[in-house]
Amino acid sequence: MTSFGFFLSCEEFTPYQLLEQARLAEQAGFTGLAVSDHFHPWNDEQGSSPFVWSMIGALSQATDLPVTTLVTCPTVRLHPAVTAQAAATSSVLTRGRFALGVGTGEALNEHILGDRWPEYDVRAEMLEEAVEVMRALFSGERISHHGRHYTVEDARLYTAPSRPVPVHVSGFGPSSAELAGRIGDGFVTMQPDTDLVGAFREGGGTGKPVLGGLKVCWNPDRDTAVKTVHRLWPTELLPGELAQVLPTPEHFEQASQLVTEEQVADAVVCGDDAEQHVSAVREYVDAGFDEVFVGQIGQDYHGFFDFYRDRVLPRLTAA
């Protein structure tokens, strides 16, 4: 049975707002939390970017909901050994209710130390090795690793998780779905694409969970909601690999000039029509997703939680 969680957007909200949203999500009936991991927001209008590992520590004390990163890049900005330590501590703080979503990352966040941003095939190879390193460290044993991309010498996590942290691998195409099936404990993708879910299953993902979700904008006035999405998240509609290769928020702002309000209105659920919200989430259920996370765009998240508590979640959980 599909579970329904709330997506915490570190790019748009302050740390205190994110903690408030987590509490409200639990009260509204959401059963899990996903949290983004960025160094930069996608554009200056979003205007926030707290350190995700500090946020997870705070969330562990604010709510009993499970927490999943959607997603962390453990390959460039942070070494996989450091990421493993952060994930292990998060698992301990949440009493085992933490899952590590990982992906090959975006130049927006990973170029900041001046490292070369490699092509996808190299990034995928780096991710596979990083997952190997992190899993070895999750055991709590002392390890050394001398690989093509990473070296670890005499490292041990003394604060180790009580059980291995689940590692869910993100992907947006057939090759990344196959990689997730082969090395992941689950698959993360943001479109309700049955073909991608099938590629994940065929690649080794049979019996493993599929996670994903969508952003919506609840507002009693649909036109206001559309304008809010167009101002804050036009980047959601950028095509192809732009999200992976553009290096700064300014570049995303330039590319987003091609996105119109009409495109936003067609692509994003906006307004207070409960049927539209329910139908959009059910597309993920029908595509075979096990966990679906919904995020609210804009500052009127109190109204969003009331709306989902009273009019959306009851219909989804009764299905």
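Our subject is the structure listed above.
Residues numbered from 1 in each chain as written. Predicted model: local features only at pLDDT ≥ 70, side-chain atom pairs only at ≥ 80, totals over all residues. Heavy atoms only, no water.

Structural notes on the overall build of the protein
At step 1: Secondary structure assignment for the protein yields 13 helices and ten strands.
At step 2: For a compact globule of 319 residues, the expected C-alpha radius of gyration is about 20 Å, and the protein comes in at 19 Å, within 12% of that figure.
At step 3: Its C-alpha atoms put the protein at 60 × 40 × 40 Å along the principal axes.
At step 4: In the protein, which comprises 319 residues, the proportion classed as buried is 55%.
At step 5: Within the protein, residue pairs in contact and separated by at least 24 positions form 72% of the contacts whose partners lie at least 6 positions apart.
At step 6: Summing over all exposed atoms, the protein offers an accessible surface of approximately 13,700 Å²; the carbon and sulfur share of this is 50%.
At step 7: Each charge class in the protein was averaged separately, 22 positive and 44 negative side chains, and the resulting centres sit 6 Å apart. (Helix = DSSP H or I, 4+ residues; strand = E, 2+ residues; numbered from the N terminus. Rg over C-alpha atoms; globule rule 2.2 N^0.38 Å. Buried < 20%, exposed > 50% of the residue type's maximum accessible area, 1.4 Å probe, protein only. Contact = heavy atoms within 4.5 Å. Areas by Shrake-Rupley, 256 points an atom, 1.4 Å probe, with all protein chains shown as cover. Lys, Arg positive; Asp, Glu negative; His and termini not counted. Charge placed at Lys NZ, Arg CZ, Asp CG, Glu CD.)

Details of the nonpolar core
At step 1: Within the largest apolar cluster, 75 residues are counted, with the highest numbers of intra-cluster contacts made by F30, L33, L100, F138, F304, F305 and Y308.
At step 2: The leading source of residues in this core is helix 13 (residues 301-318), at eight residues.
At step 3: Formed by 17 residues, the second largest nonpolar core is a distinct cluster that contains L108, C217, F252 and C270. (Core = buried A, V, L, I, M, F, W, Y, C linked by side-chain atoms within 4.5 Å.)

A few points about the packing of helix 5 (residues 120-138) against helix 6 (residues 174-183)
Any two packed helices are characterised by the angle at which their axes cross and by the distance between the axes.
At step 1: For the pair helix 5 and helix 6, the least separation of the axes is 12 Å and the interaxial angle reads 15°. With respect to helix 6, the axis of helix 5 lies roughly parallel. Along this stretch, helix 5 crosses helix 6, giving a crossing that reads as right-handed. Taken together, the residues of helix 6 that come into contact with helix 5 (itself represented by Y120, A124, L127, E128, V131 and R135) are S175, S176, L179, R182 and I183. (Axes fitted to C-alpha atoms, helices over the stretch in contact; angles between N-to-C directions. Parallel < 35°, antiparallel > 145°, perpendicular 65-115°, else oblique. Left-handed = near helix turned anticlockwise from the far one by under 90°.)

So, the environment of I297
At step 1: Position of I297 relative to the elements: it lies in the loop between strand 10 (291-296) and helix 13.
At step 2: For I297, a relative accessible area of 2% gives the class buried.
At step 3: Apart from the residues within four sequence positions on either side, I297 is in contact with E12, K215, V216, C217, T228, V229, L232 and W233.

A closer look at the side chain of E110
At step 1: Relative to the assigned elements, E110 resides in helix 4 (residues 107-110).
At step 2: On the accessibility criterion, E110 (2% relative accessible area) is buried.
At step 3: Of note is the side chain of E110, whose polar atom sits 3.0 Å from the backbone nitrogen of R77.
At step 4: The contact partners of E110, leaving out residues within four places of it in the chain, are C73, V76, R77 and W117. (Polar contact = N/O pair within 3.5 Å; in protein donor to acceptor, adjacent residues only side chain to side chain.)

Considering the pairing of strand 1 (residues 3-8)
At step 1: Of all six residues in strand 1, five are buried, a share of seventy percent or more.
At step 2: One ladder, built from four bridges, connects strand 1 with strand 10; its direction is parallel. By the bridge assignment, F4 is partnered in strand 10 with V292. (Pairing = 2+ DSSP bridges.)

Things to note about helix 10 (residues 249-256)
At step 1: Looking at helix 10, one finds that the buried residues are P249, F252, A255 and S256. All buried residues of helix 10 lie within an arc of 120° about the axis, which places them on one face of the element.
At step 2: On the buried face of helix 10, the contacting elements are helix 4 and helix 9 (242-245). (Arc of directions from axis to C-beta.)

Describing the packing of helix 3 (residues 80-93) against helix 5
At step 1: Put simply, helix 3 and helix 5 touch, their axes get as near as 9 Å, and they point 45° apart. Classified by the angle their axes make, helix 3 and helix 5 are oblique. The chirality of how helix 3 crosses helix 5 is right-handed. On the side of helix 3, the interface is formed by P80, A81, T83, A84, A87 and A88, while helix 5 contributes A130, V133, M134, L137 and F138.
At step 2: Per-class residue counts for the contact of helix 3 with helix 5 are ten nonpolar, one polar and no charged. (Nonpolar A, V, L, I, M, F, W, Y, C, P; charged D, E, K, R; others polar.)

Some remarks on the sheet that holds strand 8 (residues 186-188)
At step 1: What the eight strands build is a closed barrel, ordered 1-2-3-4-7-8-9-10; its pairing is parallel. Direction aside, neighbouring strands of the sheet carry axes that sit 25° apart on average.
At step 2: Across four bridges, strand 3 (residues 67-72) lies against strand 4 (residues 98-102) in parallel orientation. Each residue of the ladder has a partner; that of V67, found in strand 4, is F98.
At step 3: Contacting strand 4 and strand 7 (167-170), helix 5 crosses the sheet at an angle of about 160° to strand 4.

Re the side chain of E106
At step 1: Counting through the fold element by element, E106 comes out in the loop between strand 4 and helix 4.
At step 2: Polar side-chain contacts of E106 include one of 2.8 Å to the side chain of N109.
At step 3: Setting aside residues up to four positions removed in sequence, E106 forms contacts with H38, W42, W117, A243 and Q244.

Points about the pattern of salt bridges
At step 1: All told, the structure shown has 14 salt bridges when counted by the stated rule.
At step 2: Across the pair R182 and E178 runs a salt bridge whose closest N-O atoms are separated by 3.3 Å. With a gap of four residues between them, R182 and E178 both fall in helix 6, about one helical turn apart.
At step 3: Here R315 and E275 are joined by a salt bridge, their closest N and O atoms 2.3 Å apart. Here the residue R315 occupies a position in helix 13, and E275 occupies one in helix 12 (residues 274-286), the gap between them amounting to 40 residues.
At step 4: When its relative accessible area of 37% is taken as the criterion, E275 is described as partly exposed.
At step 5: Salt bridges here are not isolated pairs; linked through shared partners, they connect D37, R77 and E110. (Salt bridge = Lys/Arg side-chain N within 4 Å of Asp/Glu carboxyl O.)

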